Amino acid sequence: MPRTPLRTVLRTEDGVAVEAAYTPYEGPEPGPRAADAPVPVIVVAHGFSGALDRPALRRAADTFARHAAVVTFSFRGHGRSGGRSTVGDREVLDLAAAVGWARRLGHGSVATVGFSMGGSVTLRHAALCEDADARTDAVVAVSAPARWYYRGTAPMRRLHWVVQRPVGRLVSRWGLRTRVHTRGWDTVPLSPTEAAPRIAPTPLLVVHGDRDAYFPLDHPLGLVRAADPRCTELWVERGFGHAENAAPAALLERVGRWATRALAP
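Residues numbered from 1 in each chain as written. Predicted model: local features only at pLDDT ≥ 70, side-chain atom pairs only at ≥ 80, totals over all residues. Heavy atoms only, no water.

1. Quick notes on the side chain of Thr63
Checked against the element boundaries, Thr63 lands in helix H1 (residues 55-64). Taking relative accessible area as the criterion, Thr63 reaches 6% and is therefore assigned buried. If near-sequence neighbours (up to four positions away) are discounted, Thr63 is found in contact with Ala249, Leu252 and Glu253. (Helix = DSSP H or I, 4+ residues; strand = E, 2+ residues; numbered from the N terminus. Buried < 20%, exposed > 50% of the residue type's maximum accessible area, 1.4 Å probe, protein only. Contact = heavy atoms within 4.5 Å.)

Structure below.
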């Protein structure tokens, strides 16, 4: 396993170039595991308009690195990755490429942590990925939607305008530095709620804030109701807003600890 940070460009199953970065484990030795046990890795999936070099994602990665090695990447259409965003559909392939890279670097156990759109992707990836080298061993979905086409809040109505209207996509490209695909979904992809029951027996943690301006609490509650209760946990965080930009340091620490405990042999 590498002992220094790395940068690379991954190629997804459908041929999209995705930028990715590796941060080695920076915690105390021997860490929360036995001295001879392999270090786990946390693969972090950002929200819509994020990227691996955005400050909020770097802050999360630096916190998680105290508990495990960390892989971050930019979804298609974000940062310096190629392609265009499909807002949660084909992004499953981006996450699979990042998990596969983590395993090729020598990490035998992988947890995925996703925020907002990235949370929906971690859920769908855990349910759909059949490649043993690209699967995850634990899943965390933070501020994730439970269903598609939700327009019940003002921020989500604005987001739909951004991704569905030509002028909105221009605003996204130049204002948010996010390139959205001009064509909508040909087939509606498996929703997060439909994905949730397929994740078992993989451990699943759903995290949501009671001040989330995008998705009210019926979203995490719906996800947890759909999932297998034997391997699912819900944290409703008081005062927490939405996704990585609002996640307090203490919450990120707790998520890092949960992920490494879930991966413990």
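2. Here's the deal with the packing of aromatic side chains
Scanning all chains against the criterion turns up six aromatic pairs. Taking the centre distance of 5.0 Å and the plane angle of 85° together, the rings of Phe73 and Phe75 count as edge-to-face. The class for Phe73 is buried, based on a relative accessible area of 0%. Considering the side-chain rings of Tyr214 and Phe215, the 6.5 Å spacing of their centres and the 45° angle between planes classify their relative orientation as tilted. Note on Tyr214: relative accessible area 31%, which makes it partly exposed. (Phe/Tyr/Trp six-rings, centres within 6.5 Å; stacked < 30°, edge-to-face > 60°.)

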